[in-house]
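The chain contents come next:
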Amino acid sequence: MSSDTGSTGEGDRPLAIATDGLEVTYADGTEAVRDVSLSVPEGEFFGFLGPNGAGKTTTIKTLATLLSPTSGEVRVNGFDARTEPERVRSSIGYMAQETSVDEELTARENLRFACESYGVPRADRSDRIDELLELVDLADVAEKEAGEFSGGMKKRLDAATALVHRPPLVFLDEPTTGLDPKARNRLWEYFRRINDQGTTIFLTTQYLEEADQLCERLSVILDGEIVADGTPADLKREVGGEILDIEIEGSADERERAVAVARESDLFEAATVETTDDGITVTARTARQHGTDLLVALRDEDIVVTGFNVRSPTLDDVFLAITGEHVEEGGADATADAAEVAAADGGDR
Amino acid sequence: MSTPTAEDGRTTMQGNSFAGDVWVNFKRWTLKSVRNPFVLVGSFVQPIVFLVLFTEVFGNVAGQALPGGIAYETYLVPAIAIQVALAAAATSGVGLVNDIESGMFEKVLVSPMNRTAVFLGKTISELLRIAVQIVMILGLGILLGAEIATGVVGAVGIVVVGIVFSLWFIAFSNALALITEDQESTIIGANLLQFPLLFVSSAFLPLSSLPEWIQTVAAVNPITYGVDAARAIILDAT
């Protein structure tokens with residue numbers, strides 16, 4: 001392991017990724033990434049979370065040297081992405097959002113081409129290809145052309161081609177989008193395995209469940225800026241406690257009345273109370289302890305409760321809380337969508 | 001260059017040499033063109049149809065327009081050789097569009113391969129294909145009665161002319177591909193140019209027997225010069 005390349009990591013681990021004030025502005029003036037500072041220590045499973053058009057793909061492409069930063073520092077594996085792109089490229093694996101395999105080549109040929117692209121020594125190639133085919137469960141279809149594969153198989157082949165050179169850092173851009181749950185679980189297992197072997201993983205996703213399952217640490221990006229980061233548990237804590245869902249019979253008026261009761265009850269400190277389609281939701285630290293008291297208070301007001309549930313917050317709640325706030329602030333998505341389209345165009349700008 | 005560097009303690013794979021990168025890409029594209037016979041055959045059918053039909057249908061009439069007892073087969077074969085080069089070169093951009101659409105282009109860009117080498121490997125693979133196709137056309141031409149006055153050396157010469165000539169069309173096709181990023185537009189664009197250019201040149205008949213305006217256009221038409229060069233070799237003229 002390295003002593004002091006790049007900046008020093010959190011704790012004593014060196015950083016696989018370090019960006020400082022990263023900005024990416026497209027030729028049409030779209031500010032896809034506004035001010036992103038990231039530090040990902042080696043060996044971490046890092047999640048980069050955000051809705052469509054938030055700037056995830058732009059960030060990952062910039063880190064992978066497919067886009068040039070407009071301003072800011074980008075160091076990947078200790079190399080400057082701007083001045084040493086070749087060294088960055090040979091030290092990373094990259095799996096694009098769109099499945100990228102050559103459909104006219106067999107699975108084995110795709111992997112061989114990847115080996116050759118990265119200069120994997122000839123002597124190691126066939127062993128490594130066999131090993132990867134085994135790892136992604138494609139050994140029995142190794143000689144079939146990738147065009148015949150299902151979406152999930154292509155994704156797994158794509159993932160394998162990103163790893164032929166055993167990169168210390170792998171970028172995965174929404175690797176499971178569009179996959180069925182079974183295929184998704186298989187890929188997850190596979191990512192965990194390579195992470196256990198010491199590979200740093202930078203994963204973007206829209207699926208909160210995915211981030212929750214896999215990532216040690218998360219950053220949430222919205223409209224080109226990082227709006228939250230921490231471990232999944234940290235972020236859940238930020239939601240502000242437990243969540244009490246209460247179903248209420250009757251019209252919207254009844255729900256409004258229930259909200260008023262909850263707010264005036266003094267049962268919860270710093271609670272968020274909102275109406276939902278069929279009732280109300282109370283988010284508060286003491287939601288679990290005082291839930292029944294609220295139910296009693298509602299009954300006293302002749303509000304009919306048809307169901308209730310207390311639960312811990314999920315990342316979905318975190319996401320809703322964060323994105324909700326920002327949408328209210330007027331961080332509209334129109335420009336960011338354009339950015340994602342431009343990013344999807346790819347190219348080497 | 002293929003050993004991992006131990007510098008600053010990180011194991012990073014070094015890429016290939018420039019020639020190595022060219023070779024890797026050459027292999028990939030050659031494998032693809034063998035694998036996908038449509039591309040190989042597709043660009044080949046039309047010139048063969050032209051060669052057979054033109055000699056059969058126009059042979060007698062066109063022969064009269066030719067100077068000093070040259071068989072129309074012999075006259076036409078170099079034009080068809082150039083047409084093959086053009087048709088094959090026109091599909092070059094299609095491969096690039098496919099790569100952009102399938103994400104393979106990005107995959108290549110994110111790899112440490114030298115980008116010039118990437119295109120060079122692809123182009124050399126296409127030139128090889130063009131060479132093989134020209135040789136097949138020459139063979140077919142000989143079967144139909146064409147004579148190559150300069151023999152084997154001349155045949156090699158025609159292949160070289162075809163290869164050099166196809167380079168500009170490969171460049172054109174790839175440029176179209178990058179601008180349109182669309183398969184159909186690339187094919188249509190290339191064909192749009194290919195057909196009129198072929199007819200408004202010395203490809204099928206001597207310039208002197210063509211209308212004056214065509215002569216004028218033909219004088220600035222690159223195909224005229226490609227065909228004339230190949231034809232000079234087959235006829236052993238000058």
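Residues numbered from 1 in each chain as written. Chains lettered and ligands numbered in written order. Predicted model: local features only at pLDDT ≥ 70, side-chain atom pairs only at ≥ 80, totals over all residues. Heavy atoms only, no water.

**Some details on the overall build of chain B**
To keep it simple, the criterion reads: The helix count covers DSSP runs of H or I at least four residues long, the strand count covers runs of E at least two residues long, and both are numbered beginning at the N terminus. We call a residue buried when its accessible area falls under 20% of the maximum for its residue type, exposed when it is over 50%, and partly exposed in between, using a 1.4 Å probe and counting protein chains only. For this analysis, residues touch if any pair of their heavy atoms sits within 4.5 Å. Per-residue accessibility takes into account occlusion by the displayed protein chains alone, with areas from the Shrake-Rupley method and a 1.4 Å probe. As used throughout, the charge tally considers Lys and Arg to be positive and Asp and Glu to be negative, leaving His and the chain termini uncounted. Charged groups are reduced to one reference atom each: NZ for lysine, CZ for arginine, CG for aspartic acid, CD for glutamic acid.
Counting its secondary structure elements, chain B contains 10 helices and 0 strands. N-terminal to C-terminal, the α/β element order of chain B is α-α-α-α-α-α-α-α-α-α. Based on the C-alpha atoms only, the size of chain B along its principal axes is roughly 80 × 35 × 30 Å. Evaluated residue by residue, chain B yields a buried proportion of 50% over its 238 residues. Pairs at least 24 apart in sequence give 78% of the contacts found in chain B among residues at least 6 apart. Within the structure as shown, chain B displays about 10600 Å² of accessible surface, and the carbon and sulfur contribution to it stands at 71%. Charge separation in chain B, taken as the distance between the mean sites of 10 positive and 16 negative side-chain charges, equals 12 Å.

**As for empty space enclosed by the protein**
Heads up, the condition is: Two kinds of site are reported from a 1 Å grid over the protein atoms alone, namely cavities, where a 1.4 Å probe fits but cannot get out, and pockets, open sets with protein on both sides within 12 Å along at least five of seven lines, and residues are called lining when an atom falls within 4 Å of a point. Grid points are joined across faces, edges and corners, and a volume is the space filled by probe spheres set on the points. Under this grouping Gly is polar, as are all residues other than the nonpolar Ala, Val, Leu, Ile, Met, Phe, Trp, Tyr, Cys and Pro and the charged Asp, Glu, Lys and Arg.
Counted by the stated rule, this structure contains 4 cavities of 30 Å³ or more. Size it by volume and the largest cavity reaches roughly 100 Å³. Together, 13 residues line the largest cavity, and A:Ala114, A:Ser117, A:Tyr118, A:Thr161 and B:Lys107 are the ones closest to its centre. Within the residue set of the lining of the largest cavity, elements represented by two or more residues are α3 (107-117) of chain A together with α5 (104-110) of chain B. Size it by volume and the second largest cavity reaches roughly 80 Å³. Forming the walls of the second largest cavity are B:Asn25, B:Arg28, B:Trp29, B:Leu96, B:Asp99, B:Phe105, B:Val108, B:Val118, B:Phe119 and B:Lys122. Residue composition of the lining of the second largest cavity, by class: 6 nonpolar, 1 polar and 3 charged.

**Comments concerning the confidence of the model for chain B**
One rule of thumb: low pLDDT means the predicted coordinates there are not for detailed reading. Threshold: Note on scores: pLDDT gives the predictor's confidence for each residue, bounded by 0 and 100.
Averaged over all residues, the pLDDT of chain B equals 85, while 92% of them reach at least 70. Within the model, pLDDT remains below 50 along residues 1-12 of chain B, and this stretch shows 26 contacts once partners closer than five positions in the same chain are excluded.

**Digging into the packing of aromatic side chains**
Residues and elements named next belong to chain B. Here is the rule we go by: Any pair of Phe, Tyr and Trp rings, taking the six-membered ring for Trp, is counted once the centres come within 6.5 Å. Such a pair is stacked with planes under 30 degrees apart, edge-to-face with planes over 60 apart, and tilted for the rest. Two thresholds decide whether a charge sits over a ring: the Lys NZ or Arg CZ must be within 6 Å of the ring centre and within 35 degrees of the ring normal.
Per the stated rule, a full pass over the model turns up 18 aromatic pairs over all chains. Their ring planes at 55 degrees and their centres at 6.0 Å tell us that Phe50 and Phe195 sit as a pair that is tilted. Of the two residues, Phe50 is situated in helix α2 (residues 37-65) and Phe195 in helix α8 (residues 183-199); the sequence distance between them amounts to 145 residues. You can call Phe195 partly exposed: its relative accessible area is 23%. Put simply, the rings of Phe50, Phe54, Phe58, Phe195, Phe199 and Phe204 touch in pairs and so form one group of aromatic residues. Across the ring face of Tyr75, the terminal group of Arg231 is positioned such that the distance to the ring centre comes to 3.4 Å.

**Focus: a negative patch on the surface**
Selection rule: Residues qualify for a patch when their relative accessible area is over 30% and they have no salt bridge, like charges being joined within 9 Å and the nonpolar side chains of Val, Leu, Ile, Met, Phe, Trp and Tyr within 5 Å. For this analysis, a salt bridge means a side-chain nitrogen from Lys or Arg found within 4 Å of a carboxyl oxygen belonging to Asp or Glu.
Residues A:Asp20, A:Glu23, A:Asp35 and A:Glu73 make up a contiguous surface patch of negative charge. Relative to the helices and strands, A:Glu23 resides in strand β1 (residues 15-25).

**A word on the pairing of strand β11 (residues 242-248) of chain A**
A regular strand carries its side chains on alternate faces of the sheet. All names here are of chain A. To keep it simple, the criterion reads: Strand pairing is assigned whenever DSSP detects at least two bridges linking the two strands.
β11 sits mainly inside the fold: 5 of its 7 residues count as buried. Sheet topology note: the β11/strand β13 (residues 279-284) ladder contains 6 bridges and is antiparallel. The residue bridging Leu244 from the neighbouring strand is Val282, located in β13.

**Comments concerning the pattern of salt bridges**
Counting across every chain of the model gives 24 salt bridges over all chains. With a shortest N-O distance of 2.8 Å, A:Arg108 and A:Glu143 are connected by a salt bridge. Taken together, the residues A:Arg108 in helix α3 and A:Glu143 in the loop between α4 (122-135) and α5 (151-161) connect sequence positions 35 residues apart. Judged by its relative accessible area of 54%, A:Glu143 is exposed. Between B:Lys122 and B:Glu126 there is a salt bridge, with the nearest N and O atoms lying 3.1 Å from each other. One end of the pair is B:Lys122 and the other is B:Glu126, both in helix α6 (residues 115-144) and 4 residues apart, which spans about a single turn.

**Comments concerning the domain arrangement of chain A**
Spelled out, the test is: The split of the chain into domains comes from an automatic or database domain assignment.
For chain A, the assigned domains read domain 1 (15-230) and domain 2 (240-312). On a C-alpha basis, the centroid separation for the pair domain 1 of chain A and domain 2 of chain A is 43 Å.

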